[in-house]
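In case you want the letters, here they are:
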Amino acid sequence: AEKHAKNRPEDITLDSPVKSVIFLNLAGGASHVDSFDPKPGNGPFKMINSSVRGAKVTDRLPKTAGALKHMSMIRSVYSEEGDHSRAQYLLHTGHRQMAGFRSQPSVGGVIAFAKEQKGPYFPQHITIGGRGGVAGDGGFLGVRYDAFHIGNVDRPLTNLSPRNNRLTEDRFYRREQILETINANFNGRVSSAETAVWSEMHESALAFMNSDKLKVFDLAKENATNRKRYGDSKMGKALMMAKRLAEAEVPFIEITQGGWDTHNNNRDRVDKLLGSIDGPIAALINDMAATGLLKQTLFVIGSEFGRTPVIAGNGDGRDHHPRAWTMLMGG
């Protein structure tokens, strides 16, 4: 009994040199045959050598091609889910979606739970960019493991200080004490799981507001050389933010970029999308490799499925293809 008491399921931790996971989710079904697994004569783009001997990518990824020596390309990913929402659910949970069980936590929630750090609350699971479905969901683990979402990397934090700074610290403290008194009175009369969750959220919010780690969200703290390397695009800023969060050892950081559902106008849309991720991905990989951050960070690039190797009947589109696609992992 004593042995089992020391190994309760809720005490599970992950002993690993990996302190953070950065997951770039290319939502919509990214065309692997137009990016990381091209075939001769099977697409609108040329093929170029990468820094992995024998592995070619399309010429729309020239910077990433040079950084791939730090990554592994898995060109044999397979599933039986060709529907976007069901495939994203599988990608994020490792389980097929079942109508009777919809509270499965996403991988981010699971890793945040397993790598939970002691001390005052600070988000252990962060999502950046698009958000929807199971992504960022803590599921049955509870709201503590839901993601803190950054919708705008230029303004990642809002509502952490009183509007126009008109509220003094002393007045804010008095308000906090009044609120705690009212809540304590209510909790004494009405006890429920919901009130306990509310109290936990309130305490976590206060700890977050007063955290000495908030500067990690300030991209202006990055030196000018680094900011230029990542670029001024949304993806450049998002991956630079992800790097800073990994330096702070946040367990799971997910960046979602949508728009990869290219049933129509595949060539132009994929060209634009690859152009938006090529420089930032290379900057992140090379940055982490140079600083040693890659030794404690797992970087994953994936999508819910790939695209058909045969062009659709409309002449410039590719349809859903879950039977084989490519994911990248490194670190």
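Residues numbered from 1 in each chain as written. Predicted model: local features only at pLDDT ≥ 70, side-chain atom pairs only at ≥ 80, totals over all residues. Heavy atoms only, no water.

So, about the packing of helix α8 (residues 234-247) against helix α9 (residues 266-291). Across the interface, α8 lies against α9 with an axial gap of 9 Å and an inter-helix angle of 20°. With respect to α9, the axis of α8 lies roughly parallel. Both α8 and α9 take part in a crossing whose hand is right-handed. In contact with M235, G236, L239 and K243 of α8, α9 contributes S276, I277, P280, I281, L284, D287 and M288. Of the residues belonging to the contact of α8 with α9, the class tally is seven nonpolar, two polar and two charged. (Axes fitted to C-alpha atoms, helices over the stretch in contact; angles between N-to-C directions. Helix = DSSP H or I, 4+ residues; strand = E, 2+ residues; numbered from the N terminus. Parallel < 35°, antiparallel > 145°, perpendicular 65-115°, else oblique. Left-handed = near helix turned anticlockwise from the far one by under 90°. Contact = heavy atoms within 4.5 Å. Nonpolar A, V, L, I, M, F, W, Y, C, P; charged D, E, K, R; others polar.)

This part covers the side chain of S35. Within the element layout of this structure, S35 appears in the loop between β1 (20-26) and β2 (47-49). Overall, the relative accessible area of 5% leaves S35 in the buried class. At 2.8 Å, the side chain of S35 and the backbone oxygen of S31 are in polar contact. Non-local contacts of S35, meaning those with residues more than four positions away in its chain, are made with V57, T58, L61 and L274. (Buried < 20%, exposed > 50% of the residue type's maximum accessible area, 1.4 Å probe, protein only. Polar contact = N/O pair within 3.5 Å; in protein donor to acceptor, adjacent residues only side chain to side chain.)

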